[in-house]
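The lines below spell out each chain.
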Amino acid sequence: MTTVTYSLRACRQGCVVPFTIIEGPDAWTASDFPVIEDHMLHLTPTHLAELDAAVDSVLSSGKRLQDVDLSDFALPSLSSPLLEAGQEVQFGRGWALIRGVPVWRYSRQQQLAASWILGLHWGRAVPQNARGHLIGHVKDIGHDPRNPLTRLYTSNAAQPWHNDGPADLVALLCLTNAEEGGDSGWSSSISVHNEILRRAPHLAPVLAGPWFFDRKTEVPVGKKPFFEIPVFNYHKGYLSVNYSDNYYLLSQRHPEVPKLKTEHHEAMRLFNELAAGPELSLHMVLQPGDVQLLSNHTCLHYRGAFRDSPSQTRHLLRLWLSPSNDRPLPECYSEIMAGSVVSGQRGGIIIQGVAPNIPEEAE
């Protein structure tokens, strides 16, 4: 039997010892941010003038949006704070918020261009589904959330606590709100890890052991419809957390996948309880023009159920991003990161014969 040593002594990312409390900016709690708006980047009139000019330049360039790069426009005063936000997400607390992108006066093409321009400061966009979408439309398009194969972002159901595993970062730009509901929550997966060590250390090795993740029919050629990846991934001095309980539960439909045991269910219950608890989680309703940028390695997020009306439909644009300089990941991540763990090259859902594209509307 393998002996696991637990320690409540603290260490930091870059020198993490397995099963040890982690300190640092990514191990935050809700009390660290009593007023969320104080921690937003608020766009100024100068920023907005630069963004307008960049959007116009990109759309008049004749290039496909997916071929546009940072050399195709200039944001003299805005680029630096955008890059700083990305650094905060990768190497700091794991999240950033931006307020004031003028989506209400933009056409759909301008909204897509603005999203793409912002995202270029944070990494390479990667496909988010089997259709090859580089910008995803987070919107209820009538897919049945009771169908376990439904990607929940296409429905109005609550999305449980999770991270978007196939990318280092996820960015959401809010276009419009629902008539009711649809709040966004996020918490530190590093703080969840710490609390499990304090409250139930016997579950830490369970979470660092084998877990099986369903692909929900988005299966690359030559791959099985499921793969193995732990929740707690200790690698080269870093802890990276990958969690999505509905994918673990769905994998149980495959005869080859080992059955979840009592300790797995206990671990999921505690993990969800901690992530959702008021001590660790932040909540807000994203407003039109808000951007939320999260690290998928150190943050979890949640979306509340919502109700649309004919006059008010919840709609967000999503980017999955692969920065060139993110943390090292263990080889098991190649299964969820499109076959690579190389920073800047990894990430996305790659299906043979499907070309990356940017749809104007949800599909």
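Residues numbered from 1 in each chain as written. Predicted model: local features only at pLDDT ≥ 70, side-chain atom pairs only at ≥ 80, totals over all residues. Heavy atoms only, no water.

Here we look at the overall build of the protein chain
Then step 1. The secondary structure content of the protein chain amounts to 7 helices and 19 strands.
Then step 2. Over its C-alpha atoms the protein chain spans a radius of gyration of 20 Å, differing by no more than 12% from the 21 Å that the globule rule assigns to 363 residues.
Then step 3. Once the C-alpha set of the protein chain is aligned to its principal axes, its extents read approximately 65 × 40 × 40 Å.
Then step 4. For the protein chain, long-range pairs separated by at least 24 residues make up 79% of all intrachain contacts whose partners lie at least 6 apart in sequence.
Then step 5. When the accessible surface of the protein chain is split by element, carbon and sulfur atoms take 54% of a total near 15000 Å².
Then step 6. When the 30 basic and 38 acidic side-chain charges of the protein chain are each reduced to a single mean position, those positions are 5 Å apart. (Helix = DSSP H or I, 4+ residues; strand = E, 2+ residues; numbered from the N terminus. Rg over C-alpha atoms; globule rule 2.2 N^0.38 Å. Contact = heavy atoms within 4.5 Å. Areas by Shrake-Rupley, 256 points an atom, 1.4 Å probe, with all protein chains shown as cover. Lys, Arg positive; Asp, Glu negative; His and termini not counted. Charge placed at Lys NZ, Arg CZ, Asp CG, Glu CD.)

Focus: the UniProt feature "domain: TauD/TfdA-like" (unreviewed entry) in the protein chain
Then step 1. The UniProt record annotates "domain: TauD/TfdA-like" (unreviewed entry) at residues 72-320.
Then step 2. Helix makes up 25% of residues 72-320 and strand makes up 26%, while its end C-alpha atoms are separated by 21 Å. (UniProt positions renumbered as here; feature names shortened; annotations may be inferred.)

With respect to the packing of aromatic side chains
Then step 1. Under the criterion given, the structure shown has 13 aromatic pairs.
Then step 2. For the ring pair Trp 28 and Trp 95, a centre distance of 6.1 Å and an interplane angle of 70 degrees mean the geometry is edge-to-face. You can see Trp 28 sitting in the loop between strand S2 (20-22) and strand S3 (40-42) and its partner Trp 95 sitting in strand S4 (residues 95-99), a full 67 residues away along the chain. Like Trp 28, the residue Trp 95 is buried in the burial classification. (Phe/Tyr/Trp six-rings, centres within 6.5 Å; stacked < 30°, edge-to-face > 60°. Buried < 20%, exposed > 50% of the residue type's maximum accessible area, 1.4 Å probe, protein only.)

Considering the packing of helix H1 (residues 45-59) against helix H3 (residues 108-120)
Packed helices, taken two at a time, are described by their axes: the angle between them and the distance between them.
Then step 1. Interaxial distance between H1 and H3 falls to 9 Å at its minimum, and their mutual angle equals 105 degrees. Comparing the axis directions of H1 and H3 gives the class roughly perpendicular. Across from Leu 51, Ala 54, Val 55, Asp 56, Val 58 and Leu 59 in H1, the residues of H3 making contact are Gln 109, Gln 110, Ala 113, Ala 114 and Ile 117.
Then step 2. Class assignment of the residues belonging to the contact of H1 with H3 gives a composition of 8 nonpolar, 2 polar and 1 charged. (Axes fitted to C-alpha atoms, helices over the stretch in contact; angles between N-to-C directions. Parallel < 35°, antiparallel > 145°, perpendicular 65-115°, else oblique. Nonpolar A, V, L, I, M, F, W, Y, C, P; charged D, E, K, R; others polar.)

Concerning the nonpolar core
Then step 1. One finds Ile 196, Trp 211, Val 231, Phe 232 and Phe 271 to be the most contacted residues of the largest nonpolar core, which totals 42 residues.
Then step 2. Of all the elements in the fold, those that place two or more residues in this core are S2, helix H4 (189-199), helix H5 (204-207), strand S13 (232-235), strand S14 (238-241), helix H6 (245-250) and helix H7 (262-276).
Then step 3. Of the residues forming this core, the biggest block, 6 residues, is contributed by H7.
Then step 4. Aside from chain neighbours lying at most four places away, what touches Phe 271 is Val 192, Ile 196, Leu 207, Val 231, Phe 232, Val 241, Tyr 243 and Leu 300.
Then step 5. Counting 40 residues, the second largest nonpolar core, distinct from the first, contains Ala 54, Val 89, Leu 118 and Leu 293. (Core = buried A, V, L, I, M, F, W, Y, C linked by side-chain atoms within 4.5 Å.)

Points about H7
Then step 1. Between the first and last C-alpha of H7 there are 21 Å, a value that for 15 residues agrees with the 21 Å anticipated at 1.5 Å per step.
Then step 2. Among the residues of H7, His 264, Ala 267, Met 268, Leu 270, Phe 271, Leu 274 and Ala 275 are the ones counted as buried. (Expected span 1.5 Å × (residues − 1).)

Regarding the sheet that holds strand S17 (residues 299-303)
Then step 1. What the 4 strands build is an open sheet, ordered S7-S17-S10-S15; its pairing is antiparallel. Since the sheet does not close on itself, it has two edges, and those belong to strand S7 (159-162) and strand S15 (281-284), each with one partner. The average angle at which neighbouring strand axes cross in this sheet is 15 degrees, direction not considered.
Then step 2. In the sheet, strand S10 (residues 184-188) pairs with S17 via 5 bridges, with the strands oriented antiparallel. (Pairing = 2+ DSSP bridges.)

Considering the packing of H4 against H7
Then step 1. It is the contact of H4 with H7, at a shortest axis distance of 10 Å, that shows an interaxial angle of 125 degrees. By the criterion of interaxial angle, the relationship of H4 to H7 is oblique. For the element pair H4 and H7, the recorded crossing hand is right-handed. Residues Val 192, Glu 195, Ile 196 and Arg 199 of H4 form the contact with H7, whose own contacting residues are Leu 270, Phe 271, Glu 273, Leu 274 and Ala 275.
Then step 2. Tallied by class, the residues present in the contact of H4 with H7 amount to 6 nonpolar, no polar and 3 charged. (Left-handed = near helix turned anticlockwise from the far one by under 90°.)

Considering the pattern of salt bridges
Then step 1. Taken as a whole and judged by the stated rule, the model has 18 salt bridges.
Then step 2. The partner of Asp 72 in a salt bridge is Lys 63, and the shortest N-O contact between them spans 2.9 Å.
Then step 3. With relative accessibility at 39%, the residue Lys 63 sits in the partly exposed group.
Then step 4. For Asp 214, the salt bridge identified is with Arg 253, shortest N-O distance 2.9 Å. Of this pair, Asp 214 sits in strand S11 (residues 212-214) while Arg 253 is found in the loop between H6 and H7, placing the two residues 39 residues apart along the sequence.
Then step 5. Among the residues examined, Asp 214 registers a relative accessible area of 1% and is labelled buried.
Then step 6. You can call Arg 253 partly exposed: its relative accessible area is 41%. (Salt bridge = Lys/Arg side-chain N within 4 Å of Asp/Glu carboxyl O.)

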